[in-house]
Structure formats: structure tokens, C-alpha cells
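Read off the chains here:
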Amino acid sequence: MYIVANWKLNPASLSDAKTLLSGTKEVAKKAKGVTAIVCPPSLFISPLRELYRKSTTFFIGAQNMYAEDTGAFTGEISIPMLKSVSVNHVIIGHSERRGMGETDEDVAKKVSRAVNAGFTVILCIGEWERDEQGSYLGVVEQQIKTALSKVTYTGLSQVLLAYEPVWAIGKGSGSALDAHGVHQMVLYIRKVLKDMYKKNSVLSTPVLYGGSVDAENAEALMREGEVSGLLVGGKSLSVKSFGDILLAASKVTTS
Ligand code: PGA
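From a predicted model like this one, the values you see are computed outputs, not experimental measurements.

**Section: the nonpolar core**
Membership of the largest hydrophobic core comes to 71 residues, with the highest contact counts inside it found for Ile3, Leu123, Leu148, Tyr209 and Leu230. A per-element tally of this core places helix α7 (residues 179–197) first, with eight residues. Those residues in contact with Leu123, other than ones at most four positions away along the chain, are Ile92, Arg98, Val107, Val111, Ala147, Leu148, Val159, Leu160, Leu161 and Ala162. The next biggest cluster of nonpolar side chains, apart from the first, holds ten residues, and it includes Val4, Ile122, Cys124 and Leu231.

The structure is reproduced here in C-alpha cells:
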């Protein structure tokens, strides 16, 4: 089970970030069978990365990266920069980046560069709104097909797909898509992958859910939604709430 923490533009100071990371790391140790990937703001990546030894179940990741390695791109961070501080996990295509103008084509370029550089990519997809005619399914299909257009079958093994319906993000308890709805989307996403790659083995590509995940809904989302993990925003900012989600994931994995 993969549990990803997306801290977004939080917390306000490095010292708070260190406290949050060390608490998270402690509780993650107790969550057997769970891989935790914590994505702080880029400024904090390096000092936080230095706080702990390499582990196979706990990683620091980036919330975004730029597709070019170097050049006149003010404010961006690159793959070589991340690699130089031993970071090999990155979220790409988060709806908040897409909302700032990132296109499906930009996402595709980033995903292929990151995969080729050996990164594990948490690729975010998800519709902005739902309509009764079901055209949101076409939106999700298009996002997947474009984002993965340059990723080979082998490269796909480095991708975790995070389905995050944008209308369910940051809304708080009770606003997540229900477990049944999540399960339907997991099946749909796998079908799209199968259409693309024409191999049954792609059906085991991890699909995560994100959007108002909390300690109350986490277990049902994982069990009945049959996801391979969760992408957590707001509730990753407290050791208690994120810890409860990690422990729920452990319970689901080990029972
Ligand atoms: P949320 O955010 O858990 O606060 O809804 C999830 C995300 O944006 O990745």
C-alpha cells in the first residue's frame, strides 16, 4: 500500500517541517506493509532528506518538477537537482498545477523525462466536475492517454496513478468520492491502461485515490475501493491524522 503526503504550501517554517517529518517518520515505522512518500515544498526537500537514512519504505518526494534539466526557467526545479539530493519520487500533473496552466502535453513531457531518469512518478489525473452523461470518463481517459503517450510498457512500472476528482479535493470530511465510486474508477482506469498497452499485466498498475481522505474514510476507500494507496493533502499536515491513515493502510495490507 502506498500512502503519499502532499504538504502543498505548508508548513510555514523549516523547523515546523522538521517536526512534522520526524513525527511522520516515527509513525510510518509502525505501519507495516506500507510505503510512505512525503512530498514537502521544494525548499525543504534537501534539509529534510538529510534527517534520515535511506529506507525502502519511507521516501521524500517532490510536488512537481520541470521537464528541462537546465536553462532559463525561473523558479523551477529539475530532475538532476532532485537526484543530487537523493530524491527519486515526484508528483506530476496535480490539479493545482494544471489549474496554473499545466497542459496534458506538459504533463506528458514531464512524466516521460522523469520515468527515463529512473524516478517513480505519482501521476495525478481526475475530472474537474461530474456530469450525468458521463463525459468525465472521457476526460480521465484523455488525461491518461496523453500523459502516458511517451511511456513504454516497461516504463509504466515506475508509475503510480493517483485518481483525484478535483471536486473532491480539500473539501473535508464526508466530501470524498465514496468507496463504491472509487472502485468503479479504479476498474475504468485499468481498462484504459489495458486498451493502451494491450497487456494484462498492466492491470496491476497501482491506482491511488486522493480527495478529502481522512482517518474516517481511509479504510473503506482502501478495502472496498480496492485502491493501492491514497494521496493525502490536508490530513498529512498533522502527525496524528496522517498516522491514523498510515495505520489504517497497514491494517488493510496485513489483514
Ligand atoms: P486533500 O488534498 O486530501 O486535502 O483533499 C489531496 C490532494 O490535493 O492531493
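**Quick word on empty space enclosed by the protein**
Summed over all chains, the structure comprises one cavity of 30 Å³ or more. The volume enclosed by the largest cavity comes to roughly 40 Å³. Lining the largest cavity are Gly93, His94, Ser95, Arg98, Cys124, Ile125, Gly126, Gln143, Glu164 and Val166. Looking at the lining of the largest cavity, the elements that each hand over two or more residues are α4 (95–98) and β5 (120–125). Tallied by class, residues from the lining of the largest cavity come to three nonpolar, five polar and two charged.

**Section: helix α1 (residues 14–30)**
With 17 residues, α1 extends 25 Å from end C-alpha to end C-alpha; this agrees with the ideal 24 Å at 1.5 Å per step. Of all the positions in α1, only Ala17, Leu20, Leu21, Gly23, Thr24, Lys25, Val27 and Ala28 are classed as buried. At its buried positions, α1 is contacted by β2 (35–39), α2 (42–49), β3 (58–60) and α9 (239–254).

Rules and cut-offs
- Residues numbered from 1 in each chain as written.
- Predicted model: local features only at pLDDT ≥ 70, side-chain atom pairs only at ≥ 80, totals over all residues.
- Heavy atoms only, no water.
- Core = buried A, V, L, I, M, F, W, Y, C linked by side-chain atoms within 4.5 Å.
- Buried < 20%, exposed > 50% of the residue type's maximum accessible area, 1.4 Å probe, protein only.
- Helix = DSSP H or I, 4+ residues; strand = E, 2+ residues; numbered from the N terminus.
- Contact = heavy atoms within 4.5 Å.
- 1 Å grid on protein atoms, 1.4 Å probe; cavity = no way out; pocket = protein on both sides within 12 Å on 5 of 7 lines; lining within 4 Å.
- Points joined across faces, edges and corners; volume = space filled by probe spheres on them.
- Nonpolar A, V, L, I, M, F, W, Y, C, P; charged D, E, K, R; others polar.
- Expected span 1.5 Å × (residues − 1).

Everything listed is a geometric property; what it means functionally is a separate question.
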